[in-house]
Amino acid sequence: VTDKEGLIGELETQWEGRKLVYVHDGAEIDLSFYSDIPLKRNLTLMSGRNMLTRGALIHTSQFPTEEGTGNLFVTKGNHVTVTGLRFRGPSGSTKRDLPETAAVYVSFSKLVDMELDTTRNQQGDVTRVELDIEIDNNEFYQWTNAAVSIRGKSRASVTAPEDDPAFCSTDPVP
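Owing to the predicted nature of the structure, the values given are computational and were not obtained by experimental measurement.

Q: Explain the confidence of the model for the chain to me, please; I cannot follow it from the model alone.
A: Regions with low pLDDT carry predicted coordinates that are not meant to be interpreted in detail. Overall, the prediction assigns the chain a mean pLDDT of 81, with 74% of residues at 70 or greater. Taken element by element, the predicted model of the chain shows its lowest mean pLDDT in helix α2 (residues 108-112) (61) and its highest in strand β2 (residues 28-30) (98). Contacts for the low-pLDDT stretch residues 164-174, under 50 throughout, to residues beyond four places or in other chains number 14 contacts.

Here's what the structure looks like:
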């Protein structure tokens, strides 16, 4: 996809099996006035960010309205991958009184209610939930809360690549 209409259209469709949505490496997509865009089960959203290619830029210049949240994307199912993209939030300011924004929101509590891969004991109680959400090789900057917000009761782990000095940076990599 190369534009807002194409991206939103692809993400709103229903599909069986796995779905790959590739955002053209040179695309710059403004998603201002959008929030809670669903990342549904079995989805890979990707671009070609690597050492030689910047990858697509997805950005917003708007803070959330009273009706919306500050989350640009929200996971709505298991087996979701977001990779090789750049995400720019609405403000580079360090003021603490700004509305909270996040590029990707993962709510473990909400996902447990969906079709997750679970293991149950003999009484039918869930003893293990397998959550497969991978967010890697992306660049995030100018988000006022967190680039990726993980909420709920879980033992989520975030691994930072040791060779990526920009992993915790607030500035975009040139």
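Q: What am I meant to see in the environment of G48 here?
A: Mapped onto the secondary structure, G48 falls in the loop between β4 (43-46) and β5 (57-59). Residue G48 is classed as buried on the basis of its relative accessible area of 15%. In the structure, G48 is positioned 36 residues away from G84 in sequence and 5.1 Å away in space, judged by C-alpha atoms.

Q: Looking at this structure, how should I read the sheet that holds strand β13 (residues 139-141)?
A: Two modes of strand pairing occur in sheets, parallel and antiparallel, and in both the strands are linked by backbone hydrogen bonds. If you trace the four strands from one edge of the open sheet to the other, you get β2-β5-β8-β13, paired in parallel fashion. With one partner strand each, in any of the chains shown, β2 and β13 form the two edges of the open sheet. Averaged over all neighbouring strand pairs, the angle between strand axes comes to 15 degrees, with direction disregarded. The sheet contact formed by β5 and strand β8 (residues 86-88) spans three bridges and is parallel. Bridge pairing in β8 links L57 to R86.

Q: Can you walk me through the nonpolar core in this structure?
A: Where a protein is soluble and globular, its nonpolar side chains tend to be buried together. Counting 26 residues, the largest nonpolar core has L7, L31, L39, F73 and F87 as its most contacted members. Among the elements of the structure, α1 (4-12), β3 (37-39), β4, β6 (71-75), β7 (80-83) and β9 (102-107) are those that each provide at least two residues to this core. Not counting residues within four places of it along the chain, the set of residues in contact with L7 comprises V1, V21, V23, I29, L31, L45, I58 and F73.

Q: I would appreciate a short explanation of the sheet that holds β6 in the present structure.
A: Pairing is parallel across the open sheet formed by four strands, whose spatial order is β3-β6-β9-β14. The open sheet has two edge strands, β3 and β14 (146-151), and neither has a second partner. Across the sheet, the mean angle separating the axes of adjacent strands is 25 degrees when strand polarity is ignored.

Q: How do you make sense of α1 when you look at a structure like this?
A: In an α-helix, one turn spans 3.6 residues; hence positions three or four apart end up facing the same way. By the burial criterion, the buried members of α1 are L7, I8 and L11. Relative to the axis of α1, the buried residues are bounded by an arc of 90 degrees and lie together on one face. Elements in contact with the buried residues of α1: β1 (19-22), β2, β3, β4, β5 and β6.

Q: Looking at this model, I keep getting lost on the environment of E5. Mind explaining?
A: Positionally, E5 belongs in helix α1. Assessed through its relative accessible area of 55%, E5 is described here as exposed. C-alpha of E5 to C-alpha of L31: the two residues are 26 residues apart in sequence and 9.8 Å apart in space.

Procedures and definitions
Residues numbered from 1 in each chain as written. Predicted model: local features only at pLDDT ≥ 70, side-chain atom pairs only at ≥ 80, totals over all residues. Heavy atoms only, no water. pLDDT = per-residue confidence, 0-100. Helix = DSSP H or I, 4+ residues; strand = E, 2+ residues; numbered from the N terminus. Contact = heavy atoms within 4.5 Å. Buried < 20%, exposed > 50% of the residue type's maximum accessible area, 1.4 Å probe, protein only. Pairing = 2+ DSSP bridges. Axes fitted to C-alpha atoms, helices over the stretch in contact; angles between N-to-C directions. Core = buried A, V, L, I, M, F, W, Y, C linked by side-chain atoms within 4.5 Å. Arc of directions from axis to C-beta.

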